[in-house]
Amino acid sequence: MRRKLFYVLAAPLAAVAVALVISSVVLLFAGSNPLTAYSNMWEFGTRLETLMSTLNRATPLYLSGVAVAIGFRMNLFNIGVEGQYIFAAIIAAKVGAEINLPPVLHVSVIILTAMVAGAFWSGIAGYLKVARNVHEVISTIMLNAIAVSGVVAYLLGVWDVPDESLDTALPTIPESGWMPPLNNLFEIFTREIRRVEVWGFLLVAIAVGIIYHFLINRTRIGFDLRASGENPTAAEASGTDPKKMIMAAMLLGGAVAGLVGLPELLGDSHAYNLRFTRNLGFNGIAVALLGRNHPVGIAIGAFVIGWLDRASGVLEVRGDAPREIVAIMTGVIILAAVVAYAVVERKRREEEAAAAAAATAEAKERLEAQRAEERQVGDTEGGGS
Amino acid sequence: MASAVLLEGITKRFPGVIANDGVNLDVAAGEIHAICGENGAGKSTLMKILYGMQPADEGRMIVNGQEVVFSSPKEAIDLGIGMVHQHFMLADNLTVLENIILGSEPTLSGGRIDFKGARNHIIEVGKDYGLTVDPDDLVEKLEVGERQRVEIIKVLFRGAKILILDEPTAVLVPQEVEELFRNMRDLKAEGHTIIFIDHKLDEVLEIADTITVIRAGKTIDTVKPEDVTARDLAELMVGSELPTPETRESTVTDHVVIEAIDACADDDTGSPKMRGVTMKVHQGEILGIAGVEGNGQAEFVEALMGMRPLTSGVISIEGVRMKGWGTRQRREAGMGYIPEDRTRRGLLAGFPLWENAMLGHQSMEPFVSNGFWIQPEAGREHTKKVVEQFDVRTPSVEVAAHALSGGNQQKLIVGKEMSANLKVLIAAHPTRGIDVGAQAAVWEELRHARAAGLAVILISADLEELIGLSDRLLVMLRGEIVAELDPGDVTPRGLGAYMTGAAVQGGGS
């Protein structure tokens with residue numbers, strides 16, 4: 001048991017340590033004192049408000065990470081979460097603004113719309129792979145460009161509300177389609193949270209994580225999906241249709257990707273506009289890698305990356321270091337994590353193989369002892385007759 | 001004669017187990033030296049050490065009179081040691097030529113690859129040793145025997161003088177084995193030294209100049225083939241007699257379980273590979289299908305399991321036509337499948353054993369409830385039973401499948417398929433690469449299942465196994481059934497003649 005825990009923790013801890021060392025070197029080169037920088041970051045980062053705002057950052061990152069992870073489990077590299085969530089966000093924002101429903105229902109319709117839109121967009125890549133054998137990396141990259149620079153840019157123009165502000169934005173979703181903040185919930189345990197509203201979508205993200213865990217590990221479709229990802233030919237021989245699995249993984253991933261833009265849309269901006277947060281899809285790949293596609297791992301990955309992003313603001317304000325140092329740190333953590341995971345995994349495999357070999361040897365010894373005994377019995381019987 | 005390879009006191013420990021325990025091996029230059037032993041005896045580990053893939057913990061290695069320590073296969077290759085692995089290490093999407101030169105490309109000036117020179121060299125090597133391959137064929141289109149030849153040429157191309165062949169005959173039919181042995185003798189005549197791992201004792205006695213037997217990580221004895229019988233060798237290997245694959249008293253009924261009528265199918269390139277196969281299997285019957293690999297048996301198996309569409313004809317189970325049925329539907333209808341290539345078709349290497357044991361039955365009770373929720377406990381319980389009944393040697397059902405040795409993996413696959421509720425079992429090479437003890441266990445299970453009313457289609461390259469187990473034998477050649485034989489009055493040699501087309505069954509008789 002302790003061994004198992006060691007294997008789980010060794011890699012990420014090693015990754016963070018390596019990242020700290022390398023970042024320190026970079027900071028020194030940049031003429032800053034790494035210790036001051038870190039202590040300032042730590043001091044600012046452990047404030048309640050920073051932690052709460054980290055949650056706001058981590059929520060969409062988590063959803064994005066899960067969306068990518070679903071593809072990874074099936075050996076699909078879905079780089080298209082970026083396009084999928086931007087596309088889904090603008091469609092959901094438009095639908096949400098056009099309808100008027102009672103509170104819970106209104107939000108549910110927006111969520112459903114976003115999932116369908118996301119699944120539709122990723123489904124195109126899935127279809128191209130199944131029907132035309134187009135690699136999903138190629139098609140999702142293309143679809144990202146089409147979604148972000150094509151479809152969404154066009155729709156923004158068409159759906160823009162002409163008003164006195166010069167902002168390009170869709171109409172605002174009525175209040176029945178907003179998600180209330182969770183500040184009251186957190187304040188049961190903490191002091192009053194100032195200046196930050198914790199987005200309510202956090203709860204949806206947690207639910208998605210739980211559903212993801214059960215779907216992948218406890219259901220038939222999850223088993224089929226993982227089997228196809230591990231060994232497609234063996235999965236086929238077990239009765240799994242590889243094409244259906246590709247489609248299922250792409251659609252599921254796309255549906256979750258569709259949710260990525262919603263924490264912000266439902267909790268903060270309430271309208272799609274030009275300032276809408278980008279790049280969450282790409283960061284989701286890093287989060288999934290850090291979290292090893294594990295529901296809890298992804299959560300930790302999302303929190304770490306979100307925290308670095310939020311806590312780093314202080315570096316620039318205090319003049320400790322350029323904010324870009326965090327981009328370097330994030331990159332190094334991910335790289336170090338991937339390497340560390342590979343090393344630990346190999347070690348674990350070796351030990352497992354050795355244990356299996358030991359079991360074989362033990363069984364063999366037992367068998368030989370048995371044989372020897374039988375022979376002896378045979379000899380005595382032979383001697384007696 | 002001088003030693004080409006001399007290993008002294010080689011010891012290799014893994015945590016909790018000693019794979020090699022002071023192994024001594026003396027291979028004379030220019031001889032064919034066989035290493036025999038059961039699965040898990042430590043043969044592969046020893047060869048990995050010799051080939052530089054793993055370091056030994058203790059012991060000395062002397063190659064061509066010089067003490068060596070390898071830290072990678074590259075160093076072994078540089079000293080003229082080459083290895084042909086049991087699982088071929090070829091890139092499917094490259095040609096034979098590209099595969100052979102991969103990693104040691106001959107270059108012209110300016111870094112261009114000398115394809116022409118390489119092609120000539122390969123053809124020359126092929127001629128010298130009778131290793132015929134077309135350098136421009138795609139490897140994915142090659143049959144197993146041809147792939148093996150590519151592997152051997154690859155090793156020779158790198159200048160190997162000492163060849164390690166890891167169970168080279170496991171995948172071959174007798175005629176191919178003979179060809180391989182011819183190649184080996186030619187290589188020996190040219191001064192090459194060959195170390196080969198095998199546990200088919202007749203073969204070892206036929207080809208080897210010297211035989212070293214390893215058991216439980218120790219060298220048991222080194223003998224000359226003229227001094228021992230197959231029985232002696234078996235005794236040395238396992239300490240007991242060799243079992244034989246015999247089925248007695250027929251349990252065949254007249255109830256047809258699975259039937260193919262005029263079934264045709266194409267291979268992946270779209271050329272016809274199965275031309276009008278007609279056969280039926282009854283309850284309680286084992287139907288053996290013999291054939292040189294690549295004559296349509298693999299396609300037939302895939303068509304039966306719904307992984308390859310028929311271009312015409314019918315396959316039906318208990319009178320119901322299975323047209324349009326997917327693999328899952330067929331499995332749910334009671335079809336089981338032991339694939340010929342366990343790593344490709346049978347295992348999820350990184351998954352625990354219990355999930356592997358569910359594979360193929362994940363849509364059925366008790367592994368799933370309401371057709372949706374996977375039942376891990378049912379899977380674990382079932383797997384424990386399989387592990388016990390089929391003697392799968394593993395510390396627990398939680399270890400990943402890749403941790404097990406090949407023989408234990410095979411036992412798990414055979415066990416999980418045979419413990420399901422089956423009407424038909426399609427067994428493609430069910431005992432390939434497993435040791436005599438495990439082989440006997442699989443045979444025993446097949447006989448039991450047959451007596452219990454299972455219909456079995458058995459495809460095997462081991463002709464003794466085919467003849468010993470089958471109630472009826474069909475021979476496939478070029479996609480057609482060319483002969484139906486009674487296993488009671490056919491020898492492996494006679495069967496081989498039908499398989500290669502040297503003998504033809506007359507229309508009347």
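Residues numbered from 1 in each chain as written. Chains lettered and ligands numbered in written order. Predicted model: local features only at pLDDT ≥ 70, side-chain atom pairs only at ≥ 80, totals over all residues.

J.: Just checking my understanding: could you explain the overall build of chain A for this structure?
T.: When its secondary structure is counted, chain A shows 16 helices and zero strands. Taking the principal axes of the C-alpha coordinates as reference, chain A spans close to 115 × 55 × 40 Å. For chain A, the residues scored as buried account for 45% of the 385 residues in total. By sequence separation, contacts in chain A at least 24 residues apart represent 76% of the contacts at least 6 residues apart. (Helix = DSSP H or I, 4+ residues; strand = E, 2+ residues; numbered from the N terminus. Buried ≥ 20, exposed ≤ 12 C-beta atoms within 10 Å, placed from the backbone. Contact = placed C-beta atoms within 7 Å.)

J.: How do you make sense of the overall build of chain B when you look at a structure like this?
T.: Broken down by element type, chain B carries 17 helices and 22 strands. Taken over C-alpha atoms, the radius of gyration comes to 24 Å for chain B, in line with the 23 Å a tight globule of 509 residues would show. Reported as C-alpha extents along the three principal axes, the dimensions of chain B are approximately 70 × 50 × 50 Å. Looking at chain B as a whole, 50% of its 509 residues are labelled buried. Sequence-distant contacts, at least 24 apart, represent 70% of the contacts inside chain B between residues at least 6 apart. (Rg over C-alpha atoms; globule rule 2.2 N^0.38 Å.)

J.: Even after reading the chapter, I still don't get the packing of helix H13 (residues 280-290) of chain A against helix H14 (residues 295-311) of chain A, so can you show me in this structure?
T.: How two helices pack is summed up by the angle between their axes together with the distance between the axes. Residue and element names in this part refer to chain A. Between H13 and H14, whose axes approach to 7 Å, the crossing angle comes to 130 degrees. In terms of their interaxial angle, H13 and H14 are classed as oblique. For the pair H13 and H14, the crossing hand works out as right-handed. Between H13, through Asn-283, Ala-286, Val-287, Ala-288 and Leu-290, and H14, the contact on the second element is made entirely by Ile-298, Gly-301, Ala-302, Val-304 and Ile-305. Within the contact of H13 with H14, the residues separate by chemical class into eight nonpolar, two polar and no charged. (Axes fitted to C-alpha atoms, helices over the stretch in contact; angles between N-to-C directions. Parallel < 35°, antiparallel > 145°, perpendicular 65-115°, else oblique. Left-handed = near helix turned anticlockwise from the far one by under 90°. Nonpolar A, V, L, I, M, F, W, Y, C, P; charged D, E, K, R; others polar.)

J.: Any chance you could explain the domain arrangement of chain A here in plain terms?
T.: Size of an interface, as often reported, equals the accessible area lost when the parts are brought together. Residues and elements named next belong to chain A. In terms of domains, chain A is made up of domain 1 (1-32 + 324-362) and domain 2 (52-320). Placing a centre on the C-alpha atoms of domain 1 and another on those of domain 2 gives a separation of 27 Å. On the domain 2 side, the residues contacting the nine residues of domain 1 number ten residues. Looking at the side of domain 1 that touches domain 2 residue by residue, the class counts come to seven nonpolar, two polar and no charged. (Domains from an automatic or database assignment.)

J.: Even after reading the chapter, I still don't get the packing of helix H14 (residues 406-418) of chain B against helix H15 (residues 436-451) of chain B, so can you show me in this structure?
T.: Residues and elements named next belong to chain B. Relative to each other, H14 and H15 sit at 10 degrees, their axes nearing to 11 Å. Comparing their axes, H15 and H14 come out roughly parallel. The segment H14 lies against H15, with Gly-407, Lys-411, Val-414 and Met-418 engaging Ala-438, Val-442, Glu-445 and Ala-449. Looking at the contact of H14 with H15 residue by residue, the class counts come to five nonpolar, one polar and two charged.

J.: Would you mind going over the nonpolar core with me for this structure?
T.: For soluble globular proteins, nonpolar side chains are generally found buried alongside one another. Val-66, Ala-88, Ala-89, Ala-92 and Val-256 of chain A are the most contacted members of the largest nonpolar core, which totals 98 residues. Here this core gets twelve residues from one element, more than from any other, and that element is helix H3 (residues 48-73) of chain A. No fewer than three residues from each of domain 1 (1-32 + 324-362) and domain 2 (52-320) of chain A sit in this core. Not counting the four nearest positions on each side in its chain, Ala-92 of chain A is found in contact with Ile-110, Thr-113, Ala-114, Ala-117, Leu-262 and Leu-265 of chain A. Counting 91 residues, the second largest nonpolar core, distinct from the first, contains Ala-356 of chain A together with Leu-304, Leu-463 and Val-490 of chain B. (Core = buried A, V, L, I, M, F, W, Y, C linked by C-beta atoms within 7 Å.)

J.: How should I be thinking about the interface of chain B and chain A in this particular structure?
T.: Of the residues lining the interface, 44 residues belong to chain B; the matching set on chain A comes to 31 residues. Counting only elements with at least two residues in the side of chain B that touches chain A, the list comes to strand E2 (17-28), helix H10 (327-332), helix H11 (342-346) and strand E18 (373-374) of chain B.

J.: Looking at this structure, I do not really get the domain arrangement of chain B. What am I missing?
T.: All names here are of chain B. Parsing chain B into structural domains produces domain 1 (3-238), domain 2 (251-334 + 422-504) and domain 3 (347-421). Placing a centre on the C-alpha atoms of domain 1 and another on those of domain 2 gives a separation of 32 Å. At the interface, 16 residues of domain 1 touch 16 residues of domain 2. Residues that form the side of domain 1 that touches domain 2 fall into these classes: eight nonpolar, five polar and three charged.

J.: Mind showing me how you'd approach the sheet that holds strand E12 (residues 272-282) of chain B here?
T.: Note: strands within a sheet are paired through backbone hydrogen bonds, in either parallel or antiparallel orientation. All names here are of chain B. The strand order across the open sheet built from four strands is E12-E11-E14-E15, with neighbouring strands paired in antiparallel fashion. Either end of the sheet is taken by a strand with one partner, and the two such strands are E12 and strand E15 (320-321). Each of strand E11 (256-266), E12 and strand E14 (312-317) touches helix H9 (residues 297-304); the most contacted strand, E12, lies at about 60 degrees to it. (Pairing = 2+ DSSP bridges.)

J.: How should the pairing of strand E13 (residues 286-290) of chain B be read in this particular structure?
T.: As a general feature of sheets, a regular strand has side chains that alternate between the two faces. All names here are of chain B. Across the five residues of E13, five count as buried, placing the element largely inside the fold. Two elements, E13 and strand E20 (residues 455-459), share four bridges in a ladder whose sense is parallel. Its bridge partner being in E20, Ile-286 is matched across the sheet by Val-456. The pairing of E13 with strand E21 (residues 472-477) spans four bridges and is classified as parallel. Note on E21: the bridge partner recorded for Leu-287 is Arg-472.

J.: I'm lost on the sheet that holds strand E19 (residues 424-428) of chain B in this one. Help?
T.: Residues and elements named next belong to chain B. Strand order in the open sheet made by the six strands is E16-E19-E20-E13-E21-E22, with mixed pairing throughout. Each having just a single partner strand, strand E16 (335-338) and strand E22 (480-485) make up the two edges of the open sheet. On average, adjacent strands in this sheet sit at an angle of 20 degrees to one another, irrespective of strand direction. Where E16 meets E19, four bridges bridge the pair, whose relative direction is parallel. Bridging from a neighbouring strand, Gly-336 pairs with Leu-425 of E19. The sheet contacts of H9 involve E13, E19, E20 and E21, and relative to E19 the element is tilted by about 150 degrees.

J.: What is the right way to look at H14 of chain A in this model?
T.: Owing to its 3.6 residues per turn, the α-helix aligns residues three or four sequence positions apart on the same side. Taking 1.5 Å of rise per residue, the 17 residues of H14 of chain A would be expected to cover 24 Å, and the 24 Å separating its terminal C-alpha atoms lies within 8% of that figure. Among the 17 residues that make up H14 of chain A, 13 are buried, leaving the element largely enclosed by the rest of the structure. (Expected span 1.5 Å × (residues − 1).)

J.: It is not clear to me how the environment of Val-304 of chain A should be interpreted in this structure. Could you clarify?
T.: Mapped onto the elements, Val-304 of chain A comes out in helix H14. Expressed as a C-alpha distance, the spacing of Val-304 of chain A and Thr-330 of chain A, which sit 26 residues apart in the sequence, is 8.9 Å.

J.: So what exactly am I meant to see when it comes to unusual backbone geometry here?
T.: Leave glycine aside and you will find that most residues have negative phi; peptide bonds, for their part, are mostly trans. Cis geometry is found at the peptide bond from Glu-365 of chain B to Pro-366 of chain B, where omega equals 0 degrees. With a phi angle near 65 degrees, Asn-75 of chain A is a residue other than glycine that sits in the positive phi range. Tracing the sequence through the fold places Asn-75 of chain A in the loop between H3 and helix H4 (81-98). Using a count of 17 C-beta atoms within 10 Å as the deciding quantity, one classes Asn-75 of chain A as partly exposed. For Asn-293 of chain A, which is not a glycine, the phi torsion comes out positive at approximately 65 degrees. As for its position among the elements, Asn-293 of chain A is in the loop between H13 and H14.

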